[in-house]
Amino acid sequence: MDSKTLLFDLLSIDSPTFKEKEKADFLETWCETEFPTFNKHRIGNNIILATNNDHNIRLGFVGHIDHVPEFFSPYEEDGKIHGAGASDMQAGLACFLAFVKNHPSLAKRYDITIILYDKEEGTTLHDNGLKECINSHKELISTIDLAVVAEPTNNAIQLGCVGSLHATLTVKGKAAHSARPWHGKNALYEALPIIDKAAKTDPVPHELFGVTFHDVLQITESCSTKGRTTLPEEWIANINYRFSPVHNLDEAIQYVEDFVSSSNLTNYKLDILNGVEAGKVIDHPLLTDILTNSNIKVEAKQAWTDVSQLTQLGLSAFNFGPGRQDQAHKPNEYVVYEDMVEYEKLLEKILLGD
């Protein structure tokens, strides 16, 4: 089974978030043909495949099937395979599916669970396809000992992930004619203390498992009440706090509330929009062996991924994929074919010792 052929098949099917049915149908048919002995579960546009051979360790291979860029016909040029979602993360899907198919010895050593899910990109946890799978088959998924989540990592192993919290901050002013500003208060100027404080707040490092995560707070969106000759009555901003696995979501919410309340604002409102827990680094003997003996570069995942959901179940999981992080979500996204070849060799090395 050639992962390149499978990748082109996947890239030839448009699967933006919430419109993944055609790709899910293709993958279901493909898996029924290539993995006839696996038990299969279809949940909406999500697919769970699992062996049941009573091995001591169950491996998980996990990946989402949706993509961000506008669809375009895939093509190869100068060793690069271009297509919507090529790096994030259609190449990861193609590689781990081909790897499992091409290495029958894997199923003689481990039990295997494969999760292919929809609605990962740009959705809240409520809509996330892996969340849907967990809600319907939590007992099955909880049997995984170590999961590989094929997010683009440039073939490095990225442990855990940071949590993410979004909050809306509204700073109040008073509208007035710009020619007579003493009649009002400019909401943007009223917000300057927190803008200045955020700009001067450095990332806070935390070392776990030999890698360094960073707590980072940033103002990512802002706008003022429109009017070329009017003092803005409101300044509204999104505050995004990325927090390392040493914190939980409740602590992150408290941090943002304290950060704002101590910023010398006089008239404001803070609304917590949504947040997701950080992905813990959970030890497992196989993970320890991989980190000790593989010589693969190991990093912290300084972004949120669905490793979070798996580790919330107590499972050990890490991010590991052939995609290039700088290509994720690009209009003409590509993956380097040699990176795919190397990725499959690395899977052999860490899981089969070959």
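From a predicted model like this one, the values you see are computed outputs, not experimental measurements.

## Comments concerning a nonpolar patch on the surface
Argument step 1. A cluster of nonpolar side chains, contributed by Leu-188, Tyr-189 and Leu-192, occupies part of the molecular surface with about 300 Å² of accessible area.
Argument step 2. Locating Leu-192 in the fold gives a position in helix H7 (residues 192–199).
Argument step 3. According to the relative accessible area criterion, Leu-192 is partly exposed, its value standing at 44%.

## Thoughts on the packing of aromatic side chains
Any aromatic ring pair is given by two values, namely how distant the centres are and how the planes are angled relative to each other.
Argument step 1. In this structure the tally under the stated criterion is 9 aromatic pairs.
Argument step 2. For the ring pair Phe-72 and Tyr-75, a centre distance of 6.4 Å and an interplane angle of 55 degrees mean the geometry is tilted.
Argument step 3. Assessed through its relative accessible area of 30%, Tyr-75 is described here as partly exposed.
Argument step 4. Here the aromatic rings of Tyr-255 and Phe-259 are separated by 6.1 Å at their centres, their planes lie at 40 degrees, and the arrangement is tilted. Taken together, the residues span about one helical turn, with Tyr-255 and Phe-259 both in helix H8 (residues 249–261) at a distance of 4 residues.
Argument step 5. Site record: aromatic cluster; members linked through ring pairs are Tyr-241, Phe-243, Tyr-255 and Phe-259.
Argument step 6. Above the face of the Tyr-337 ring, Lys-4 is positioned so that its terminal group lies 4.2 Å from the ring centre.
Argument step 7. Sitting over the ring of Phe-259, Lys-197 keeps its end group 4.4 Å from the ring centre.

## Structural notes on helix H5 (residues 129–141)
Argument step 1. Taking 1.5 Å per residue, 13 residues should reach 18 Å; H5 reaches only 13 Å between its end C-alpha atoms and comes up short.
Argument step 2. For H5, the principal kink sits at Asn-135 and spans about 70 degrees.
Argument step 3. Among all positions in H5, only Gly-129, Leu-130, Cys-133, Ile-134 and Ile-141 are buried.
Argument step 4. Among the structural elements, strand S1 (39–43), strand S2 (46–50), strand S6 (111–117) and helix H10 (307–312) are those in contact with the buried residues of H5.
Argument step 5. Its side-chain oxygen at 2.7 Å from the backbone nitrogen of Leu-130, Asn-128 defines the N-terminal cap of H5.

## Comments concerning the sheet that holds strand S9 (residues 163–172)
Argument step 1. The 5 strands are arranged S10-S11-S12-S9-S13 in an open sheet whose pairing can be described as antiparallel. If you trace the sheet from one side to the other, it starts and ends with strand S10 (204–208) and strand S13 (268–276), each paired once. Pairs of neighbouring strands in the sheet enclose a mean axial angle of 20 degrees, with direction left out of account.
Argument step 2. Judged from the 8 bridges that link them, strand S11 (residues 211–224) and strand S12 (residues 234–243) form a sheet pairing that is antiparallel. Bridged to Ser-222 within S12 is Ala-237.
Argument step 3. Contacts from H7 reach S9, S11 and S12 within the one sheet, and its direction differs from that of S11 by about 155 degrees.
Argument step 4. Together, S9, S11, S12 and S13 form the strand contacts of H8, whose direction differs from that of S13 by roughly 160 degrees.

Calculation criteria
Residues numbered from 1 in each chain as written. Predicted model: local features only at pLDDT ≥ 70, side-chain atom pairs only at ≥ 80, totals over all residues. Heavy atoms only, no water. Patch = residues over 30% accessible without salt bridge, like charges linked within 9 Å, V, L, I, M, F, W, Y side chains within 5 Å. Areas by Shrake-Rupley, 256 points an atom, 1.4 Å probe, with all protein chains shown as cover. Salt bridge = Lys/Arg side-chain N within 4 Å of Asp/Glu carboxyl O. Helix = DSSP H or I, 4+ residues; strand = E, 2+ residues; numbered from the N terminus. Buried < 20%, exposed > 50% of the residue type's maximum accessible area, 1.4 Å probe, protein only. Phe/Tyr/Trp six-rings, centres within 6.5 Å; stacked < 30°, edge-to-face > 60°. Lys NZ or Arg CZ within 6 Å of the ring centre and 35° of its normal. Expected span 1.5 Å × (residues − 1). Bend = angle between axes of the 7 residues up to and from the residue. Contact = heavy atoms within 4.5 Å. Polar contact = N/O pair within 3.5 Å; in protein donor to acceptor, adjacent residues only side chain to side chain. Pairing = 2+ DSSP bridges. Axes fitted to C-alpha atoms, helices over the stretch in contact; angles between N-to-C directions.

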